[in-house]
Amino acid sequence: MAAQLLDGKIMSAELEKALKAKVEALKERGITPGLTVILVGDDPASQTYVGNKEKACIRLGIHSETLRMPESTEQSALEAAIEKANADPSVHGILVQLPLPKHLNSDHALSLILPEKDVDGFHDINIGRLTRGEDCVVACTPKGALYMLQKAGIEIAGKEAVVIGRSNIVGKPMALLLLQENATVTVCHSRTKDLAEHTRRADILVAAIGRPKFVTADMVKEGAVVIDVGINRVDGKLCGDVDFDAVKEKAAYITPVPGGVGKMTIAMLMDNTVAAAEKAADKA
Ligand code: GUN
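Small disclaimer: the values here were computed from a predicted structure and weren't measured.

*Asks:* Before we go on, may I ask you to explain the overall build of the protein in this structure?
*Replies:* If you tally the helices and strands in the protein, you get ten helices and eleven strands. At 19 Å, the protein has a C-alpha radius of gyration in line with the 19 Å of a compact globule built from 284 residues. In terms of overall dimensions, the protein has C-alpha extents of about 50 × 40 × 40 Å along its principal axes. A burial count over the protein gives 49% of its 284 residues as buried. Once local pairs closer than 6 in sequence are excluded, the contacts in the protein between residues at least 24 apart make up 70%. Surface exposure of the protein reaches about 13700 Å², of which carbon and sulfur atoms provide 52%.

*Asks:* Before we go on, may I ask you to explain unusual backbone geometry in this structure?
*Replies:* For the peptide bond that leads from Leu-98 to Pro-99, omega is 0°, which places it in the cis range. Secondary-structure assignment places Pro-99 in the loop between strand E4 (93–96) and helix H4 (106–112). Here Asn-182, not a glycine, exhibits a phi torsion of approximately 75°, which is positive. Here Asn-182 is to be found in the loop between helix H7 (171–180) and strand E6 (184–188). Among the residues examined, Asn-182 registers a relative accessible area of 52% and is labelled exposed. Despite not being glycine, Lys-213 has its phi angle at roughly 50°, a positive value. With respect to the helices, strands and loops of the structure, Lys-213 is situated in the loop between strand E7 (204–207) and strand E8 (225–228).

*Asks:* Help me understand the sheet that holds strand E5 (residues 160–164), please; the structure alone is not making it clear to me.
*Replies:* Two pairing modes exist for strands in a sheet, parallel and antiparallel, and in both the strands are linked by backbone hydrogen bonds. Strand order in the open sheet made by the six strands is E1-E11-E8-E7-E5-E6, with parallel pairing throughout. Each edge of the open sheet carries a strand with a single partner, namely strand E1 (4–5) and E6. Pairing analysis gives five bridges linking E5 to E6, with the strands arranged parallel. The partner of Ile-164 across the bridge, within E6, is Cys-188. Packed onto the sheet, H7 meets E5, E6 and E7 and runs at close to 170° relative to E5.

*Asks:* Looking at this structure, how should I read the packing of helix H1 (residues 8–28) against helix H6 (residues 140–151)?
*Replies:* One way to put it is that H1 packs onto H6 with a least axis distance of 11 Å and a crossing angle of 95°. The orientation of H1 relative to H6 falls into the category roughly perpendicular. For the pair formed by H1 and H6, the contact residues are Gly-8, Met-11, Glu-14 and Leu-15 on the first element and Tyr-147, Met-148 and Lys-151 on the second.

*Asks:* Even after reading the chapter, I still don't get the site of the ligand, so can you show me in this structure?
*Replies:* In the vicinity of the ligand, the residues found are Leu-95, Val-96, Gln-97, Leu-98, Asp-120 and Phe-122. Between a nitrogen atom of the ligand and a main-chain N or O atom of Val-96, the distance comes to 2.8 Å. Residue Leu-98 places a main-chain N or O atom 2.8 Å away from a nitrogen atom belonging to the ligand. If the ligand stood free it would expose 280 Å²; the protein chains cover 84% of that surface. Grouping the constituent residues of the shell around the ligand by class yields four nonpolar, one polar and one charged.

About the thresholds
- Residues numbered from 1 in each chain as written.
- Predicted model: local features only at pLDDT ≥ 70, side-chain atom pairs only at ≥ 80, totals over all residues.
- Heavy atoms only, no water.
- Helix = DSSP H or I, 4+ residues; strand = E, 2+ residues; numbered from the N terminus.
- Rg over C-alpha atoms; globule rule 2.2 N^0.38 Å.
- Buried < 20%, exposed > 50% of the residue type's maximum accessible area, 1.4 Å probe, protein only.
- Contact = heavy atoms within 4.5 Å.
- Areas by Shrake-Rupley, 256 points an atom, 1.4 Å probe, with all protein chains shown as cover.
- Pairing = 2+ DSSP bridges.
- Axes fitted to C-alpha atoms, helices over the stretch in contact; angles between N-to-C directions.
- Parallel < 35°, antiparallel > 145°, perpendicular 65-115°, else oblique.
- Near = heavy atom within 4 Å.
- Polar contact = N/O pair within 3.5 Å; in protein donor to acceptor, adjacent residues only side chain to side chain.
- Nonpolar A, V, L, I, M, F, W, Y, C, P; charged D, E, K, R; others polar.

Structure below.
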């Protein structure tokens, strides 16, 4: 039986509608949520992602500013841009698009963003709070993936969840979120032995590897929920980390690429930005 689609287009549109109402309510209080995006260099994928973020801000009435800095930008200039946005009360969210050029120290740059303006959820304090199960800003992609599971009414507690990939952006926070929801979580990575043995046990399988169509049907349990976080370009076409056409015949639920988790990542960035503006407004 073909899997049910977890449709990021529909789910993100619904969420955006609710967020738009929150933005309007903030504007009535004299506050326009503001997002500053810092983009260093001219990586084409990053340019596309940043463009999509700008469009979402426009749709919702969020003020967005993108600082486009050249590839040769020095660490001190990047850090000065972050400090300036930190000090600006009209900026509620700051995002440094990754990856940064190799000569820059991303960890140090990210550590300078005020935790309450860290709409990516990458700051040490937010990661620490997530690890402890405390209220925090959660990274947009894993937050979006979890939202899709919850919106579809998929039971997580007690389920075997397998995450392939251990990145700080997706794999690790995804595993922590699933653990928080009481799943039994396994994190697999490039050094995992017998990967398919793990993935075939998964009731919920999250693929965040960055390799096109890496997850094949023989790696998936009948009736599993498959969340594809990958965005790969093959022959000019986007595809995920999951061999969608084959796996959809075996899974109970599956996210498409494009139109799946990617849409939710942007919606969650908007959610985190609106929440940061609300918190700032409540404090004022
Ligand atoms: N590059 C790829 N994904 C992301 C993300 O979620 N946030 C940032 N800042 N950069 C990214």
